[in-house]
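A closer look at the structure
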Amino acid sequence: MEEKRRCFSLSQNKFLQHWCAILFISSLAILPLTQSFNYGKALSKSLLYFESQRSGRLPYNQRVTWRHHSGLTDGLEQGVDLVGGYYDAGDNVKFGLPMAFTITMLSWGVIEYGDEISSAGEYTHALEAIKWGTDYFIKAHTHPNVLWVEVGDGDTDHYCWQRPEDMTTSRQAYKVDEKNPGSDVAGETAAAMAAASIVFRKTNPHYSHLLLQHAEQLFEFGDKFRGKYDESVWVVKGYYPSVSGFKDELLWAALWLYKATDKEDYLRYALEKANEFGGINWAITEFSWDVKFPALQIIASMLLTEENHREMEFKLVFEQYRSKAEYYLCACLNKNNGSNVNRTPAGLLYIRQWNNMQYVSNAAFLLTVYSDYLRASNQRLRCDRGKVGPEEVLLFARSQADYILGANPMGMSYLVGYGSRYPQRMHHRGASIESYKENKGFIGCTQGYDYWYPRNDPNPNVVVGALVGGPDQMDRFSDDRKNFMQTEACTYNTASLVGVLAKLHGVEEEDGYLNIPLLASS
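Source: prediction; values computed, not measured.

Quick notes on the UniProt feature "active site" (unreviewed entry) in the protein chain
- With numbering matched to this structure, UniProt assigns "active site" (unreviewed entry) to His 427.
- Of note, His 427 is situated in the loop between helix H15 (390-405) and helix H16 (429-432).

Regarding helix H14 (residues 357-376)
- End to end, H14 covers 29 Å across 20 residues, agreeing with the expected 28 Å (1.5 Å per residue, within 8%).
- With 18 of 20 residues buried, H14 is to be regarded as a mostly interior element.
- One or two residues past the end of H14 sits Asn 378, with phi positive at roughly 55°.

Thoughts on the side chain of Thr 189
- Mapped onto the elements of the fold, Thr 189 is located in helix H7 (residues 183-199).
- A relative accessible area of 2% means that Thr 189 is categorised as buried.
- Once residues within four sequence positions are removed from consideration, Thr 189 is found in contact with Ala 100, Phe 137, Leu 147 and Leu 218.

Some words on the layout of surface pockets
- Approximately 640 Å³ is the volume found for the largest pocket.
- Forming the boundary of the largest pocket are 31 residues, of which Gly 238, Tyr 239, Tyr 240, Trp 354 and Tyr 492 lie nearest the centre.
- Partitioned by chemical class, the residues of the lining of the largest pocket number 17 nonpolar, 7 polar and 7 charged.

Describing the state of the cysteines
- A complete count under the given rule lists 2 disulfides for this structure.
- At a sulfur-sulfur separation of 1.9 Å, the disulfide partner of Cys 160 is Cys 445. Handedness here is read from the sign of the S-S torsion; for Cys 160 and Cys 445, about -100°, the answer is left-handed. Of the two residues, Cys 160 is situated in the loop between helix H6 (154-157) and strand S3 (173-176) and Cys 445 in helix H17 (residues 445-452); the sequence distance between them amounts to 285 residues.
- For Cys 445, a relative accessible area of 18% translates into the label buried.

Calculation criteria
Residues numbered from 1 in each chain as written. Predicted model: local features only at pLDDT ≥ 70, side-chain atom pairs only at ≥ 80, totals over all residues. Heavy atoms only, no water. UniProt positions renumbered as here; feature names shortened; annotations may be inferred. Helix = DSSP H or I, 4+ residues; strand = E, 2+ residues; numbered from the N terminus. Expected span 1.5 Å × (residues − 1). Buried < 20%, exposed > 50% of the residue type's maximum accessible area, 1.4 Å probe, protein only. Contact = heavy atoms within 4.5 Å. 1 Å grid on protein atoms, 1.4 Å probe; cavity = no way out; pocket = protein on both sides within 12 Å on 5 of 7 lines; lining within 4 Å. Points joined across faces, edges and corners; volume = space filled by probe spheres on them. Nonpolar A, V, L, I, M, F, W, Y, C, P; charged D, E, K, R; others polar. Disulfide = S-S within 2.5 Å.

Written out as structure tokens, the structure reads:
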């Protein structure tokens, strides 16, 4: 009720008071105002999650102690060192495309909200999470035109339910090269290393320069030898196929390389190829590890206001990028006359049944970043149903974060380990089996499926900070290990959420409670 009183007191006429009442009533549908969340604590837990997903030899300062070394012979059969990196989800395969996307989004979050992450005492952990991925990419990029993009095999891995410390499944490694191209995975890895190079520019300039070298080589490789990686690495088709193709990743990589190097050639590439590669043609309502169009459109549109680009020959292309970016953002806000993103009855963005939370966290991040851009440039988002101010954009992003943290009909935090009620039976091999620290005895492939997988008991290990797939289109959720569409978590779910939580933590520290300044300025 305090938010309502503050809004009314700051509004001096009946129209504004009526508007405050509408905002207050409508917010009840998605944001129980009696609930408040500690975004700083949620941020800390989200960064801890990446330690649960580490592959390789764990460091001395590993905080997730139920995990132990794993995958120590990765790449050995192929004569290359591929030890390290991340397992993507609840299995034990290292998939290069979603891993690279995870690092790109973590890096972008640190670039935008490094100060807020620092104020939460998590800056070092954020950099460690990024570097665990980029160290692996350096190993995987063994030649300018060779990138190892997968270790393990999803098919054989899914026959077993084993801790990563006990793996007996195939650890065959797969690569893309000149004869077997993979422009999408090369482009995303280039984007990840370019974005990370910005993160490390001040704290580790030598490492930053090394990442940039790899990023530029990978972009050149992906652009020169074009092709979809799932046509070269067939085993990935059933798990992370490149449905959108590789053109979005090449545009995405070019923009990140421009941001990292300030070289006009990269910007010109993104502008000259904008039409041919679909950057200014595709109006998309999904941003994911596969589909990069909305995010690259947003980055390009934000460059439009920079002084040195205002009178460029490509101003029309910038405007077209902006139009498509606005389409995505307005779709999330339900402000398009045509296609909008579906929502559950309680207000959660809903794209599809399988792991829907990835789209939610990605959308919340893009909305958060764009709200800052609108505020800094003194603009409003142009939608079919009217212009939207930065405050309203951020408020909606916050509604999605709050839903994740517990403001939902189930009263469930979908960020594992946060709050008093969260999923106890994640679809996660390592979490569901007694930890290696407690039981160093070997647990076999079928033993895991026979005993640990079907148990009704909660997982013995909590994967703190994991963002699970989440509820269905009616806000229903079943906490069942077999219900992998809802209870499995992925690194790229949490990666985007890190930036959102950092922003909300910063606003909370500065303004006390987010709704007060937002309602007042609407």
